[in-house]
Amino acid sequence: GECIAMVDNFTFGAVRARTPTSAGMMGVKLDDGNVREEELSEKLWRCLVDDFGVEIDVARSCNGFIKDHLLGIAIDNLKGQCTHGHSCKL
C-alpha cells in the first residue's frame, strides 16, 4: 500500500521549544508594541491548543520543570556552547 498520503490545502507549521539558556533566544522579543501582552499570550495559547494539540496544563508542567532545574540546564548549556558542530552566539 501507499506509505504517504497528501492532504490538500493543509498549512504546515511548527512549534519550537527553547529554554532561556538557548542561544537561539538571544534578542527574542514577543511584544511588537502594537498588541497587549495579555492579548498576545491568549492568541499564542489558543494557537498551541487548536493547531498543535498542546495541553495548557502539560505545557505549564514542563515550564515548571525547566524553572526548577534551570541552574543545571545552564551549566550543561555552557559545556556545549561554541563546540564543534554548534553555533556560537555568546
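Residues numbered from 1 in each chain as written. Predicted model: local features only at pLDDT ≥ 70, side-chain atom pairs only at ≥ 80, totals over all residues. Heavy atoms only, no water.

Explain the overall build of the protein to me, and be specific about the residues and the numbers.
Counting secondary structure elements, the protein contains three helices and zero strands. If you list the helices and strands of the protein from N to C, you get α-α-α. For the protein, the proportion of its 90 residues judged to be buried stands at 4%. Counting contacts in the protein only where the partners sit at least 6 residues apart, residues at least 24 apart contribute 49% of the total. By element, 56% of the accessible surface of the protein is carried by carbon and sulfur atoms, the whole surface being about 8200 Å². (Helix = DSSP H or I, 4+ residues; strand = E, 2+ residues; numbered from the N terminus. Buried < 20%, exposed > 50% of the residue type's maximum accessible area, 1.4 Å probe, protein only. Contact = heavy atoms within 4.5 Å. Areas by Shrake-Rupley, 256 points an atom, 1.4 Å probe, with all protein chains shown as cover.)

Please provide a residue-by-residue account of the packing of aromatic side chains, values included.
Applying the stated criterion to the full structure yields zero aromatic pairs. The ring of Trp45 carries the charged tip of Arg60 above its face, separated from the ring centre by 5.2 Å. (Phe/Tyr/Trp six-rings, centres within 6.5 Å; stacked < 30°, edge-to-face > 60°. Lys NZ or Arg CZ within 6 Å of the ring centre and 35° of its normal.)

Please give an account of the pattern of salt bridges that cites residues and values.
Two side chains bearing opposite charge may form a pair once their charged atoms approach each other closely. The tally for this structure, following the rule as stated, stands at two salt bridges. A salt bridge links Lys43 to Glu39; its shortest N-O distance comes to 3.5 Å. Separated by four residues within a single helix, Lys43 and Glu39 lie in helix 1 (residues 37-52), roughly one turn from each other. A salt bridge links Arg46 to Asp50; the nearest nitrogen and oxygen atoms lie 3.2 Å apart. Highlighted residues: Arg46 and Asp50, both in helix 1, separated by four residues, approximately one helical turn. Residue classification places Arg46 among the partly exposed positions, given a relative accessible area of 45%. (Salt bridge = Lys/Arg side-chain N within 4 Å of Asp/Glu carboxyl O.)

Tell me about helix 1, residues and numbers included.
Spanning 16 residues, helix 1 covers 21 Å between terminal C-alpha atoms, matching the ideal 22 Å at 1.5 Å per step. In the stretch just after helix 1, Gly53 is the one whose phi turns positive, near 70 degrees. (Expected span 1.5 Å × (residues − 1).)

An account of the confidence of the model for the protein is needed here, citing residue identities and associated values.
Detailed reading of predicted coordinates is not advised where the pLDDT is low. The predicted model of the protein has a mean per-residue pLDDT of 76, with 68% of residues at 70 or higher. Across the protein, helix 2 (residues 56-68) holds the top mean pLDDT of 90, while helix 3 (residues 70-80) sits lowest at 82. (pLDDT = per-residue confidence, 0-100.)

So what's going on with the environment of Asn77? Which residues, and what values?
For Asn77, the position within the fold is in helix 3. By relative accessible area, which is 22% here, Asn77 ends up partly exposed. Remark: the alpha-carbon pair of Asn77 and Thr19, spanning 58 residues in sequence, is separated by 9.8 Å.

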